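Observations on chain architecture
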Number of protein chains: 2
Amino acid sequence: MTDIKSGPNPLFLREEDLRQGIELLFYAYRDFTAEPDAILARIGLGRAHHRVVYFVGRYPSITVTELLSILQITKQSLSRVLSDLVEQEYIAQRPGTKDRRQRLLTLTDKGVELERSLSDAQRARIAQAYRAAGAAAVEGFRTVMLGIIDAEDRAKFPPPGKR
Amino acid sequence: MTDIKSGPNPLFLREEDLRQGIELLFYAYRDFTAEPDAILARIGLGRAHHRVVYFVGRYPSITVTELLSILQITKQSLSRVLSDLVEQEYIAQRPGTKDRRQRLLTLTDKGVELERSLSDAQRARIAQAYRAAGAAAVEGFRTVMLGIIDAEDRAKFPPPGKR
DNA sequence: GAAATAAGTCAACATGACTGACATAAAATC
DNA sequence: GATTTTATGTCAGTCATGTTGACTTATTTC
């Protein structure tokens, strides 16, 4: 609250600026999920299935415990969607070699195809937004989003130089 | 695929950059909603109530139809949460003066207080992220988020000069 | 050998979304 | 003035996704 500059100065944050931030997140997330949701509905699956397929694709051989810590839902909630996906052969399970209690999860070919079709709409949306905004804006976006995310998970997003 | 530069160049969008964008949205929204959800749970309300209280606070005297078009849910879904909020006197309804079919929605004092307590956590999170990121990053964030949001709703976010 | 961990299961429940059908009052149009 | 459209509300049923609590099994760690 000491140095007030002209233009949008985040050191002088008005009520209105913060409201706008809240709304940007609401509308962006709403529109970001609408397309995959529509595809999922056609094949009798839901957003929860998408999330599981997404993160299993992202981290092949992920364990159930790791997946739970990402999704932050209960084991019982995950169980339902995961067993759907295993039954319908989108996801394969195999025991861990070091720890045989673990069930390592991977996408089947069918799962890879599903993940792709679901995330394609999202990738296209991001790509278009990034292209329209330019490199500098993308870096700003990344920085602010990281600030919104709890510190524990920021390490999942290595800085540009390290990518 | 033609010009490869160093650093994050959104004209050369790698699979990995797009994935990161998807994940930034997932984690940010997850953490952004966690705190108000916890508060709501204590008073027996849910996220849907928060959204209604938020947008009635944002647009005093909003009509039901307008609210539906923002939330993009069905009338029946809104009806339940809205009647909870009216019964518990967080929201007041009064007929429109020009069109007496309309029920104009406003927050009661109790509703204003609820809205504030719910959104305070979110405002604090945004404020902290904005401060840490700096003015330029905030503008980049705004630009990318607008690109993600469907064009129809972008007019809700006037450019900095007009704010 | 005992304790902790990874995973799964059963049961019951809450929330928030949906569809479809129908009702009422008021406004707009023919 | 009669008809149609619009704004809102409601009843009934369903589904997806989350929750808690209690318990089991297999395996690893101490």
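Just so it is clear, the structure is predicted and the values come from calculations on it, not from any experiment. (Residues numbered from 1 in each chain as written. Chains lettered and ligands numbered in written order. Predicted model: local features only at pLDDT ≥ 70, side-chain atom pairs only at ≥ 80, totals over all residues. Heavy atoms only, no water.)

1. Remarks on the nonpolar core
Counting 91 residues, the largest nonpolar core has Val52(A) and Val52(B) as the members making the most contacts within it. Those residues in contact with Val52(A), other than ones at most four positions away along the chain, are Leu67(A), Leu71(A), Leu78(A), Val81(A), Leu82(A), Leu85(A) and Ile91(A). (Core = buried A, V, L, I, M, F, W, Y, C linked by side-chain atoms within 4.5 Å. Buried < 20%, exposed > 50% of the residue type's maximum accessible area, 1.4 Å probe, protein only. Contact = heavy atoms within 4.5 Å.)

2. Some remarks on the protein's contact with DNA strand C
Contacts to DNA strand C come from 25 residues, most closely from Thr65(A), Lys75(A), Arg101(A), Gly46(B) and Arg51(B). At a separation of 3.1 Å, a phosphate oxygen of DNA strand C approaches a polar side-chain atom of Gln93(A). Side-chain polar atom of Arg101(A) to a base oxygen of DNA strand C: 2.2 Å apart, as the coordinates give it. Those elements that provide at least two residues to the surface near DNA strand C are α3 (64-71) and α4 (75-87) of chain A together with α2 (47-58) and α4 (75-87) of chain B. (Near = heavy atom within 4 Å. Polar contact = N/O pair within 3.5 Å; in protein donor to acceptor, adjacent residues only side chain to side chain. Helix = DSSP H or I, 4+ residues; strand = E, 2+ residues; numbered from the N terminus.)

3. So, unusual backbone geometry
Backbone geometry at Gln72(A) places phi at a positive 55°, although glycine is not the residue there. The residue Gln72(A) is located in the loop between α3 and α4 in this model. Judged by relative accessible area, which is 51%, Gln72(A) ranks as exposed. Positioned with a positive phi, Ser61(B) is a non-glycine residue whose angle comes to about 70°. When its relative accessible area of 26% is taken as the criterion, Ser61(B) is described as partly exposed.

4. Points about the protein's contact with DNA strand D
Near DNA strand D you find 24 residues, and of these Arg51(A), Ser77(A), Thr65(B), Lys75(B) and Arg101(B) are the closest. Restricting attention to atoms of DNA strand D within 4 Å of the protein, one finds that 54% of them are sugar or phosphate atoms. Interatomic distance of 3.0 Å between a side-chain N/O atom of Ser77(A) and a phosphate oxygen of DNA strand D. At a separation of 2.3 Å, a base oxygen of DNA strand D approaches a polar side-chain atom of Lys75(B). Elements represented by at least two residues in the surface near DNA strand D include exactly α2 (47-58) and α4 of chain A together with α3 (64-71) and α4 of chain B.

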